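Each chain, letter by letter, is given below.
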Amino acid sequence: MGQALNTMTPSKVLEGEVEVCHEATSLLQSLEEHRTQVLNVSTSEKLMKTRLRKGSFDEEEQIARVRRALGIGDLYEDDMEKATSFDQMDEQLADVLYALHFLSLPESSLLEGNVEAGQLEVDLSEADGEENKPATNPASPPGGKLPFSRQDLQRTLMEVFDVDEATIQMIYQDVQRRQKPQVTLHLHIIEAKDLRRKTSKGTTNSYCVVKVSGSDEVYKTEVQYDQLAPFWDSPFLIKVTDIQDAKLTIQVWHEPQESGMEHISSIMDLKEISRAVLGTNEFKNLLGSVTIPLENIKNKLVDKWYTLMKKEECKSVCLRDSFRGAKKRGSIHLSMKASVKSELNLLGSHWYDTLLNKLLQHRLGFLCSLGTFTRDGTRCSVRSNCSSFSGARSYSTNSCARSTPSTLNSTGSSSSSSSGFCSSSEKEIGAIPSPTTPWAGAISNIDSFILTQYGSVLNMTPPLVTLSWWKITSKLTVVDQAYLGDVLKDLFDYIKKTEYSEEETKEVQSSLRIWASEQDGRLKNLQTNFPTSSRVISQHQLTHTLRNLKAVESNTNNRKLQIFPDNSTYLELVTNALTQFTKNWWEKTLQNCDCTSPNASEEQQLEAVVFVTGEVLYFLMDVCNFYEAIVKNETGLSYLKLSYLLLTSELAARIRPLIRKMYDAPIEAKREKASEISKPKLATSEDHSMDERRPIWQLYRKLGNIAVDIGEKLPEEAQQQCGITGYHSWFIKVVMRWQEQMLSRSKLLVQEEVEKDNFEEQNGCLSTSTSASEVTYIFKIVKTTWTRLSWPYEIDGDVIVNKLLATLCCIGKHYTKLVIKKLKSGMQEGNAQNHFFSLQTCVALNNIEYLRQEIRGLPVLLMLSENEDNLHKFTVIVNTLRVMEKNLLCFIDTCVNKIKPTLRIAIVTSCDTSNEVPLLNDCLDGDLCHLKRHMNEVNLQRILFKIWNSLISIFSEILKENAEKRKPEYFNGMYKVLDKTWHFLTPADRSGLDPQVAHTTEYQVLKNDLSNLKMGTESLIANYYRERYEEQLKRKEDQQRQLSSELVVHVYFTDTEKLYFEVIMARNVTESKSEENVRRPLAGRKVSLKLPDTYVQVKMVPTGWFPGMNWKTKTQKKQQSPVFQENFEVSISSTGQSAKAGLLLFTVKTSQLVQDGFVGEAILPLDMVPCVEQCNANNVAYKYLSLTVPKEEEEYLAVKALKFRKKDKKALVFLKELKDLNRKKGNGT
């Protein structure tokens, strides 16, 4: 057995080789960290010459090739250009065939056509346990069969390198003459655990034996005594002749100790004796082994635990279920790597880049870095293919595997274990992504296989593979940015662990700068690269683009690389790019509409501004609905605020001056127009009116949409800073002009509608005709326009609102005048009518009232008020309603006055006959039914009220004419007719005139007059005293406020049909004076304080009903409150008719020499006197009657009625008494 190596010795640098050293002891910091380092190779000219491959190239060119291979010389872009030469393409093709021939396939069988798909088998058996899963070769899926045929492989190489079959056969023959690649295995046996016990102490003395198939050399580790978890830490360098078929076998043995006396004496039981005896069997000392195909670890670092088994236990090692019941023999921890020394034409990792570039060009159809590409003999343009990716796109599951550097082995190919590898039956179609789907790193099995083998011979390490994939995929325009972010993450991990040399770091820096510049350019062309039409894809791509840029800045190791231009930050780059994009978009929009032309008219400029404003609105909506959320979530930057402030400022600079120019006429022009104000012409062209079809209206609406739909989503501060704040003020004159034009057009329309309207009910309903509907339709149009205006009240809102309301009210007044004028014209023509108010008149009046109600509801309609309770705030509406109602009532008066003669005739006939039929049935009934059917409620009340007033007026006239001529019987009949008329016009079902409205003062006076005139003289006299008694009660109410004279009496009826009354006393009697002097002494008149001599005269009135019934008390001398206490008795029944209507009249007088003076009178109706038994008389309360003085005769209705009876002696006598009484009180006597 060989000896264990304690140190790792780097292999020599050979010709044509980039050697990768495996320093296990320094790199195995944890189970997850396994990296390799590239040897520092001298770049001296002498060393470079030793690396030249013999050939026909001169020395300078070969030195340059070596310099490029080592990353020392020209830039990467120059190498890519030189790699496109046909000679180098053939050389690279030869190297690829070399790798495929010697590393993966049996000799002399690569291009033979007799091997079908699935016949290429590789032994993947590996004795792994639960912790050691079978390794998977990225180029060989499970089962050991390649999922493609040799014809597919050959065809792919022919297409990728653009060669024919003869050329590839010729190159292959040259490749077969080369030497096989030499493989060096870097093995590190670290430790083991859970080994089986072999000693009497329950431990084992373990060591490892290493063998490689095809080699006679055997390697051995040191023995670790008495350990069940030995730690060897032994590295080995092993030469491998054929990596394809070679297998690594590691056996763990137990080294038994000699059985001496000391050992035997230490045995304590039979179990230890058994172990000592079994220890002499050499096979039993094998603790376990593991066999690993080197193909599975080729060119990649493998660090894992392997389960130990014996030979009979691993016959079906690939089937995990076959050894579930095997004995547990422990596991061993190994770290290994196989490096390859190959004979190649072209050296350096950039040739891996070239091959990767070619394969992606072949599979994707184009690359962003190439202008054109060839596919199936046709030269295609990149532009035409790229354009297909700028439209609507959606994600779909690609049939190819998604390759990321983290999932690639050291050669950079993707794991074939992922589901979705393209099979040979897909004929390369699956390798080309859908034009609506970004490429997510998927490559076919053939591409993966080629990259795997070629990377093996180039000794590509994982950091170099990641860098290569980054350089190539970062230039693709259709690459999935999420996939690119994964590549970027792997790249940053290697940068953090300093896996790159200084030159490689510069290459990383250069590629990142180029990529950052490209992303900056893509953001500056945002809508093209991330169109809103393909929302899902654009959101995904833009989101991950911003995340990738942020990841570059957030990585501390990248800051010193200064990746972003001008040493800017990530946010500055994004902000500047989006700002530049917005400015470029604005300038392009202005150019498209050509609104900056100096020769454009105002109308053309207005249309251009409307177009630009609409484009700005759509642009901001895209930003608000799509870009804002993405940019803000990823960067915290408000792109909506940035673009909103920029574009609104630009809009304001162009819109406001144009509107001022169009609507601010010079003073001279205004004077000229003022002289033509009487002409029926509009002030300006209708093109500038606020009509939905007009550009100015569209401009206003779009500005409103920008301010409301977009601006309200920004903070208040940003809204105040924008250029269109208060844009309503720009349109004040526009709105005023619109109102003027609307009024002019509406008047013409209303006039036309009234002229052609026959005032017929629509569809049999009783409300309105067509003209009223047209006017209300105008209101609705104005309401719609006003609602769309959304005019803020704080910007001259009172002026605009009042002007608008005045305009609409003017339309209503104009309509009322036209309708009434037409109705009067029809009346003058003498059209025959069957009713007082014809059907046309009813409909016309309904139209006016309907329009009044519409005008009343204008504040609510225009959303200026929530209800009509605040109508008083709108003076213009209140005045308009009053004017319209006045005109309406005037017309109704005209109509009612026209029918007055007819009504008078009917009333006279009814009064003469004391029969209401001529008036109610013959005259009013038919017309009233007609009105109820065809007139609305409000107008019906108006007309009935006017008719009622006319009836009252006619009744009053007839009353005055017949007051002195007719007897009470006539007025009694007249009263009945009036009462029937009242109930006729105010029915109980409330279908007529409102009783409260009908109960006017004129009606009450008429009714009272008739009530008096229909009575006899004695009844009128009794009514007079009843009126006096009501005055007395009012005086009683005022008694608490001022000192008043009063009389105290005790009055009652007895059950014996007698009336008893006692005059007890009078209070506050000072002198004889009139009622006026009692209440209010005249100015300058001296008031005497002399106490009078007083007595009370009592009589029952009317005297015609109670003849001879008068009494007088004794005179009480010089007392201010004389006490009489005199009783009187009279026989009268309390239930008699006269007792119910009669009254007691108490007159307080002063006794004087010439003529007794008058103090006052007190009245007590007999129906107010209680009736009691004689024994209960003392329980009757005293009556305190206020002393009053009668007013003028004209103030009493009964007196007025009595005056009409000039031939009645009783009436004349009573009037004479009243006249004398008034004369006495006027003289103070």
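Structural notes, computed from the coordinates. (Residues numbered from 1 in each chain as written. Predicted model: local features only at pLDDT ≥ 70, side-chain atom pairs only at ≥ 80, totals over all residues. Heavy atoms only, no water.)

This part is about the overall build of the protein chain. Tallying secondary structure elements over the protein chain gives 40 helices and 23 strands in all. Here the protein chain holds 1229 residues, and 50% of them are scored as buried. Nonlocal contacts in the protein chain, meaning residues at least 24 apart in sequence, comprise 76% of its contacts between residues at least 6 apart. (Helix = DSSP H or I, 4+ residues; strand = E, 2+ residues; numbered from the N terminus. Buried < 20%, exposed > 50% of the residue type's maximum accessible area, 1.4 Å probe, protein only. Contact = heavy atoms within 4.5 Å.)

Time to look at the pairing of strand S3 (residues 182–193). Here S3 lies mainly inside the structure; nine of its 12 residues are buried. As judged from the 11 bridges shared by S3 and strand S10 (residues 331–341), these two strands associate in the antiparallel manner. Residue pairing for S10: His 188 is matched across the bridge by Ser 335. Two strands pair when backbone bridges link them, and S3 and strand S6 (residues 231–240) are joined in this way by eight bridges, in the antiparallel orientation. When the bridges of S6 are listed, Leu 185 appears paired with Ile 238. (Pairing = 2+ DSSP bridges.)

On to the sheet that holds strand S21 (residues 1157–1165). Strand order across the open sheet formed by four strands is S18-S17-S20-S21, with antiparallel pairing between neighbours. Every other strand in the sheet has two partners, leaving strand S18 (1110–1112) and S21 as the edge strands with one partner each. Geometrically, the sheet is characterised by an average inter-axis angle of 15° between neighbouring strands, direction not taken into account. Both strand S20 (residues 1143–1150) and S21 contribute to a ladder of eight bridges, which runs antiparallel. (Axes fitted to C-alpha atoms, helices over the stretch in contact; angles between N-to-C directions.)

Next up on the list: the sheet that holds strand S9 (residues 302–307). Pairing in this open sheet of four strands is antiparallel, and the strands run S6-S3-S10-S9 from one edge to the other. The sheet is open, and its two edges are formed by S6 and S9, each paired on a single side. Each strand axis lies, on average, 25° off the axis of its neighbour in the sheet, ignoring direction. Two strands pair when backbone bridges link them, and S9 and S10 are joined in this way by six bridges, in the antiparallel orientation. Paired with Lys 304 across the bridge in S10 is Leu 334.

So, about the pattern of salt bridges. Inspection of the entire model under this criterion finds 27 salt bridges. We note a salt bridge from Arg 363 to Asp 447, for which the minimum N-O separation is 2.7 Å. Taken together, the positions of Arg 363 in helix H10 (residues 349–364) and Asp 447 in helix H12 (residues 445–458) put the pair 84 residues apart, joining distant regions of the chain. Each member of the pair, Arg 363 as well as Asp 447, carries the same accessibility label: buried. Linking Lys 524 and Asp 520 is a salt bridge whose minimum nitrogen-to-oxygen distance equals 3.1 Å. In this pair, Lys 524 and Asp 520 both sit in helix H15 (residues 502–524), four residues apart, roughly one turn of the helix. Overall, the relative accessible area of 33% leaves Lys 524 in the partly exposed class. (Salt bridge = Lys/Arg side-chain N within 4 Å of Asp/Glu carboxyl O.)

Before going further, it helps to examine the side chain of Gln 1116. With respect to the helices and strands, the residue Gln 1116 is situated in the loop between S18 and strand S19 (1123–1131). Beyond its immediate stretch of four places on either side in the chain, Gln 1116 contacts Pro 1092, Asp 1093, Thr 1094, Pro 1122, Val 1123 and Phe 1124.

Cis peptide bonds are those with omega within 30 degrees of zero, and the linkage from Val 1101 to Pro 1102 qualifies with -5°. Note on placement: Pro 1102 falls in the loop between strand S17 (1094–1101) and S18. Of note in this structure, Asp 226 is not a glycine but carries a positive phi near 50°. Note that Asp 226 resides in the loop between strand S5 (218–220) and S6. With a phi angle near 45°, Lys 1118 is a residue other than glycine that sits in the positive phi range. Among the structural elements, Lys 1118 can be located in the loop between S18 and S19.

Quick look at the environment of Glu 615 now. Tracing the backbone shows Glu 615 in helix H20 (residues 602–635). You can call Glu 615 partly exposed: its relative accessible area is 28%. Along the sequence, Glu 615 and Thr 589 sit 26 residues apart, while their C-alpha atoms lie 7.7 Å from each other. Beyond its immediate sequence surroundings of up to four residues, Glu 615 is in contact with Trp 585 and Thr 589.

Let us now look at the state of the cysteines. Tallied over the full model, the rule gives zero disulfides. Among the cysteines around Cys 809, which has no disulfide bond, Cys 810 carries the closest sulfur, lying 8.8 Å off. Here Cys 809 falls in the buried class, since its relative accessible area comes to 1%. (Disulfide = S-S within 2.5 Å.)

This part covers helix H35 (residues 1001–1013). When the terminal C-alpha atoms of H35 are compared, their 18 Å separation across 13 residues agrees well with the 18 Å that a helix rising 1.5 Å per residue should span. Among the residues of H35, those classed as buried are Tyr 1003, Leu 1006, Asp 1009, Leu 1010, Ser 1011, Asn 1012 and Leu 1013. (Expected span 1.5 Å × (residues − 1).)

Bringing the packing of helix H6 (residues 150–161) against H12 into the picture now. Two elements in contact, H6 and H12, have axes whose closest approach is 10 Å; the angle formed by their N-to-C orientations is 75°. Between H6 and H12, the angle is such that the two are roughly perpendicular. Of the residues in H12, those touching H6 at Asp 152, Leu 153, Thr 156 and Leu 157 are Ile 446, Asp 447, Phe 449 and Ile 450. Among the residues forming the contact of H6 with H12, the class breakdown is five nonpolar, one polar and two charged. (Parallel < 35°, antiparallel > 145°, perpendicular 65-115°, else oblique. Nonpolar A, V, L, I, M, F, W, Y, C, P; charged D, E, K, R; others polar.)

Within the secondary structure, Lys 1007 is located in helix H35. Note: C-alpha distance between Lys 1007 and Tyr 975 (32 residues apart in sequence) is 7.2 Å. Once you skip the residues sitting within four places of it in the chain, Lys 1007 turns out to touch Tyr 975 and Leu 978.

The geometry of helix H30 (residues 875–913) relative to helix H33 (residues 968–985) is characterised by a closest axis approach of 7 Å and an angle of 125° between their N-to-C directions. In terms of their interaxial angle, H30 and H33 are classed as oblique. At the point where H30 passes H33, the crossing takes the right-handed sense. Contacts between H30 and H33 pair Ser 910, Cys 911 and Asp 912 from the former with Tyr 970, Met 974 and Val 977 from the latter. The class makeup of the residues in the contact of H30 with H33 is four nonpolar, one polar and one charged. (Left-handed = near helix turned anticlockwise from the far one by under 90°.)

Summed over the entire model, instances satisfying the criterion amount to 24 aromatic pairs. An angle of 35° between the planes, with centres 5.8 Å apart, marks the rings of Phe 581 and Phe 619 as tilted. Linking Phe 581 in helix H19 (residues 570–593) with Phe 619 in helix H20, this pair joins segments that are 38 residues apart in sequence. Classification of Phe 619 as buried rests on a relative accessible area of 2%. Connected via pairs of aromatic rings, a cluster forms that spans Trp 697, Tyr 700, Tyr 727, Phe 731 and Trp 791. For the cation-ring pair, Lys 193 lies above Trp 305, with the distance from its terminal atom to the ring centre recorded as 4.3 Å. (Phe/Tyr/Trp six-rings, centres within 6.5 Å; stacked < 30°, edge-to-face > 60°. Lys NZ or Arg CZ within 6 Å of the ring centre and 35° of its normal.)

Our next topic: the environment of Arg 933. With respect to the helices, strands and loops of the structure, Arg 933 is situated in helix H31 (residues 917–934). Between the alpha carbons of Arg 933 and Leu 839 there is a distance of 9.7 Å; along the sequence they are 94 residues apart.

The next thing to look at is H10. Under the 1.5 Å per step criterion, the end-to-end length of H10 is 22 Å for 16 residues, consistent within 8% with the ideal 22 Å. A large share of H10 lies buried, amounting to 14 of its 16 residues. The first or second residue beyond H10 is Gly 365, which carries a positive phi of 95°.

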